[in-house]
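Spelled out, the chains give:
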Amino acid sequence: EECLDTHEPLGIALIEDGPEVGGTATPHLVGTTAVITDVTPLPDGRLALSAKGGRRFRITRLIHDHPYLAAEVDLEGPVAGYVGGESGQGEEGEE
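These numbers come from a predicted model, not from an experiment. (Residues numbered from 1 in each chain as written. Predicted model: local features only at pLDDT ≥ 70, side-chain atom pairs only at ≥ 80, totals over all residues. Heavy atoms only, no water.)

Enquirer: Please explain the overall build of the protein as it appears in this structure.
Expert: Each helix and strand in the protein was counted, giving one helix and eight strands. Burial status across the protein gives 15% buried among its 95 residues. Accessible surface, the protein as shown: approximately 7000 Å² in total, 51% of it carbon and sulfur. (Helix = DSSP H or I, 4+ residues; strand = E, 2+ residues; numbered from the N terminus. Buried < 20%, exposed > 50% of the residue type's maximum accessible area, 1.4 Å probe, protein only. Areas by Shrake-Rupley, 256 points an atom, 1.4 Å probe, with all protein chains shown as cover.)

Structure below.
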């Protein structure tokens, strides 16, 4: 909900080891930023999200003091087709 309120991107990294829900998971060290493009509330209170990928990042430090896994990251170079500002929100374009 924080990303919905601020319109800031979120980070997505695949799980390398551990459970998806209910335990401590270890993510792969490379992921992507994503901007939420659509939200559908579900009857049980969850949200179904659609998102568009943005810039590649490398995790430098995991942060475990949130109810969700957070990390400090270094953004990597431009991704083909991505033109974005410092906020990480971008639009389709040419490199």
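Following the structure, the description resumes.
Enquirer: Would you explain the sheet that holds strand β5 (residues 47–63) in this entry?
Expert: Hydrogen bonding along the main chain pairs the strands of a sheet, whether they run parallel or antiparallel. Read from one edge of the open sheet, four strands run β1-β4-β5-β6, paired in antiparallel fashion. In the strand order of this sheet, the two ends are held by β1 (10–12) and β6 (70–75), each with one partner. Adjacent strand axes in the sheet meet at a mean angle of 55°, parallel and antiparallel pairs treated alike. Of the strand pairs in this sheet, strand β4 (residues 30–41) and β5 are connected by ten bridges, and their pairing is antiparallel. By the bridge assignment, Pro-41 is partnered in β5 with Leu-47. (Pairing = 2+ DSSP bridges. Axes fitted to C-alpha atoms, helices over the stretch in contact; angles between N-to-C directions.)

Enquirer: I would appreciate a short explanation of the pattern of salt bridges in the present structure.
Expert: For the coordinates displayed, the defined rule picks out three salt bridges. Of the charged contacts, one joins Asp-44 and Arg-46 as a salt bridge, the two residues approaching to 2.7 Å between their closest N and O atoms. Of the two residues, Asp-44 and Arg-46, both sit in the exposed class. For Glu-76, the salt bridge identified is with Arg-58, shortest N-O distance 3.3 Å. Of this pair, Glu-76 sits in the loop between β6 and β7 (82–84) while Arg-58 sits in strand β5, and the two are 18 residues apart along the sequence. Given a relative accessible area of 40%, Arg-58 falls into the partly exposed group. (Salt bridge = Lys/Arg side-chain N within 4 Å of Asp/Glu carboxyl O.)

Enquirer: I'm lost on a nonpolar patch on the surface in this one. Help?
Expert: Together, Val-39, Leu-47 and Leu-49 give the surface a local cluster of nonpolar side chains, amounting to about 210 Å² of exposed area. The topology assignment puts Leu-47 in strand β5. (Patch = residues over 30% accessible without salt bridge, like charges linked within 9 Å, V, L, I, M, F, W, Y side chains within 5 Å.)

Enquirer: I tried to follow the pairing of β4 on my own but got confused; where do I start?
Expert: The side chains of a regular strand alternate, first on one face of the sheet and then on the other. By the bridge criterion, three bridges tie β1 to β4 in an arrangement that is antiparallel. In the sheet register, Ile-12 faces β4, and the bridge partner there is Thr-32. Two successive antiparallel strands, β4 and β5, enclose a turn made up of five residues, where Gly-45 displays a positive phi of approximately 100°.

Enquirer: When you look at unusual backbone geometry in this model, what are you seeing that I'm missing?
Expert: The phi torsion of most residues other than glycine is negative, and most of the peptide bonds are trans. One non-glycine residue, His-7, adopts positive backbone phi at about 60°. Checked against the element boundaries, His-7 lands in the loop between α1 (2–6) and β1.

Enquirer: Teacher, can you tell me more about the side chain of Thr-33 here?
Expert: By the secondary structure assignment, Thr-33 is in strand β4. A relative accessible area of 10% means that Thr-33 is categorised as buried. A distance of 2.8 Å separates a polar side-chain atom of Thr-33 from the backbone nitrogen of Arg-55. (Polar contact = N/O pair within 3.5 Å; in protein donor to acceptor, adjacent residues only side chain to side chain.)

Everything listed is a geometric property; what it means functionally is a separate question.
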